[in-house]
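Observations on the three-dimensional arrangement
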Amino acid sequence: MSRLIGRANELKMLKTANQSNKAELGIVYGRRRVGKSTLLKAVKSENSLFLEGVKGLTKEKQIRHFLNQIAEQTNTIPTLAKNWSEALQVLTQFISKGRWYVVLDEVPWMASGHQEFISYLKYYWDNKWKQNNKLHIVLCGSIASFMVKHVIHSEALHNRKTYEFKLGALSIKEASQFFPNTPRDQVLKYLITFGGVPKYLEQINPEISYDKNIEYLCLNKNSFFLNEFETIFKEQFKTYKTYEKITELLAKKSLNKEVLSRSLKMSSGGGLTSYLEHLESADFIKLFRSFDFQQNPKDKTRRYTIWDEWLKFYFTYIKKNQKIISINTNKKLFSAIIEPNLYNYMGFGFEKLIMKNIPDLMEIMDIELSQVVNYGPYFKSSKSQQSKGFQIDLLIEEQDHTLTVIECKNSIAPIGISIINEFEQKIKKLNPPKNNILKKVLVTAGDVTQELEKKRYFSQIVRFSDFLY
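Throughout what follows, the structure given in this document is the object of discussion. Please read these numbers as outputs of a predicted model, since none were measured by experiment. (Residues numbered from 1 in each chain as written. Predicted model: local features only at pLDDT ≥ 70, side-chain atom pairs only at ≥ 80, totals over all residues. Heavy atoms only, no water.)

Examining the sheet that holds strand S12 (residues 460–463)
Neighbouring strands of a sheet are bound in pairs by backbone hydrogen bonds; such pairs are parallel or else antiparallel. Here 5 strands make up an open sheet; going across it, the order is S8-S9-S10-S11-S12 and the pairing mixed. In this open sheet, the two edge strands, each paired with only one partner strand, are strand S8 (372–380) and S12. The sheet shows a mean angle of 25 degrees between the axes of neighbouring strands, taken without regard to direction. Taken together, the 4 bridges between strand S9 (residues 390–398) and strand S10 (residues 402–409) define a ladder with antiparallel strand orientation. Bridge pairing in S10 places Leu-395 opposite Val-405. Here helix H21 (residues 418–430) sits on the sheet and contacts S8, S9, S10 and strand S11 (437–444); the angle it forms with S10, its principal contact strand, is near 135 degrees. (Pairing = 2+ DSSP bridges. Helix = DSSP H or I, 4+ residues; strand = E, 2+ residues; numbered from the N terminus. Axes fitted to C-alpha atoms, helices over the stretch in contact; angles between N-to-C directions. Contact = heavy atoms within 4.5 Å.)

Have a look at this one:
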């Protein structure tokens, strides 16, 4: 079994529920490969059952598999059931008394995509299970759209859950524990390429370089990641081609809904909205609204961006070279496919990685979360061809009107004083309210020159190493 890294808050929540003296019904969901099963199996109990659905089985076969798992884990003879009601009655015989921890993993597959299974869960929870004040049941699933619509927002389970959480990627600090002895520049490359997805990070051999890992994991016919896109999208979506088109467009550039609609040649109404919501609930894309000092709800400045690091890497490098890679057995392709654009790729990826780790960044900068009024990127499109739009990586506004303006730079060469003029031009275009106290912060993966240090222009310079270990 994979080892559990990080997840301190989620593990504490699960352990608390496991020791509770009231019946607990938890909901845990998140994209494939993020480590839900590893987390749930890390919780120990006097008695436990871990029952998992299987993709693609009919209802009858799901029920049979469900009952076989119960028999195997309780050392009893398998029983038969004609429907889910009878199958859940078999489960009830074991968990009606005493302390039990029961995980129903991959609920969307167990339900075969239908609401019937959820309705039976509601009946058994109301009439059988919640009477046991030492019972802890977790409903878990990877298909976020099903979990949100049919479990979290289900009328059948409304007001019955005692907790829920969406398991996301690991933070920089957590993910870096996979590489305790790896140089920080290599760690950064891994995180910008694969993100904080535990299953992906487990594939990396820390004893060899980034280049060699990419060769082995991505650029040969037997590589783990060659068909990973199809694997996760086919599991997540019944028909995935439109989802693929959307993510491929966003991998090239952040876009608003109207531009996406035109590019896809489809209405910007409910159909496209549904696709975007499903992609966002799976953490594949993210919607940002430009930072607004007035926090105006009518603000139309919204952009979707690719949010999953591996998808960005796949559409940038792998998809267009998939035919070549699929027959490669010994040719070294890294220098031809990846290396020419890698410096720029890592520069853009660094900004997004920091955005994903805003809570840790605030802690490094001694910003109390309770004092934060607003935060986010600022972007403004140009209304004419003569002038360019501009973007500020991150703004944080506090209750005392302190406005922290943050620039993220991933540079091989030490950053010099030229950045001061660049920063000042952005602040001038931003034109913040007069009553704001400005703090200027540079977040960098590399070094800065002594000249820049002596200028004391930045209130703080945050290094990538500040996020590690």
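Let us keep going from here.
Some points on the environment of Lys-61
Tracing the backbone through its elements, the reader meets Lys-61 in helix H3 (residues 59–74). In this structure Lys-61 comes out as partly exposed when scored by relative accessible area, which is 44%. As a C-alpha pair, Lys-61 and Met-110 span 49 residues in sequence and 9.7 Å in three-dimensional space. (Buried < 20%, exposed > 50% of the residue type's maximum accessible area, 1.4 Å probe, protein only.)

What about the packing of helix H4 (residues 84–95) against helix H6 (residues 116–127)?
Across the interface, H4 lies against H6 with an axial gap of 10 Å and an inter-helix angle of 40 degrees. Between H4 and H6, the interaxial angle falls into the category oblique. H4 and H6 meet at a crossing whose hand is right-handed. Contact with H4, carried on its side by Trp-84, Ser-85, Leu-88, Gln-89 and Thr-92, involves Phe-117, Tyr-120, Leu-121 and Tyr-124 of H6 and no other residues of that element. Across the contact of H4 with H6, the residue classes break down as 6 nonpolar, 3 polar and no charged. (Parallel < 35°, antiparallel > 145°, perpendicular 65-115°, else oblique. Left-handed = near helix turned anticlockwise from the far one by under 90°. Nonpolar A, V, L, I, M, F, W, Y, C, P; charged D, E, K, R; others polar.)

Side note on helix H13 (residues 241–252)
Side chains that are three or four residues apart share a direction in an α-helix, a result of its 3.6 residues per turn. Look at H13: 17 Å from first C-alpha to last across 12 residues, which is about the 16 Å you get at 1.5 Å a residue. Buried residues of H13: Tyr-243, Glu-244, Ile-246, Thr-247, Leu-250 and Ala-251, and no others. Seen end-on, H13 carries its buried residues on one side only, within an arc spanning 165 degrees. When the buried face of H13 is taken as reference, the exposed residues oriented beyond 90 degrees from it are Lys-241, Lys-245 and Lys-252. Residues of H13 that are buried make contact with helix H12 (228–236), helix H14 (257–264), helix H15 (270–281), strand S6 (285–289), strand S7 (302–306) and helix H16 (309–318). (Expected span 1.5 Å × (residues − 1). Arc of directions from axis to C-beta.)

Some details on the nonpolar core
Ranked by size, the top nonpolar core spans 82 residues in total, and within it Phe-194, Cys-218, Phe-233, Phe-313, Ile-318, Val-443 and Phe-464 carry the most contacts. Beyond its immediate stretch of four places on either side in the chain, Cys-218 contacts Phe-194, Asn-213, Ser-223, Phe-225, Trp-310, Phe-313, Ile-318 and Ile-325. Membership of the second largest hydrophobic core comes to 40 residues, among which are Tyr-29, Phe-66, Met-110 and Ile-152. (Core = buried A, V, L, I, M, F, W, Y, C linked by side-chain atoms within 4.5 Å.)

Here we look at H3
The terminal C-alpha atoms of H3 lie 23 Å apart, and with 16 residues this matches the ideal 22 Å at 1.5 Å per residue to within 8%. Every buried residue of H3 is accounted for by Gln-62, Ile-63, Phe-66, Leu-67, Gln-69, Ile-70, Ala-71 and Thr-74. Looking at the buried positions of H3, the neighbouring elements they touch are strand S2 (48–52), H4, strand S3 (100–105) and helix H5 (107–110). Looking one or two places after H3, you find Asn-75, whose phi comes out positive at around 55 degrees.

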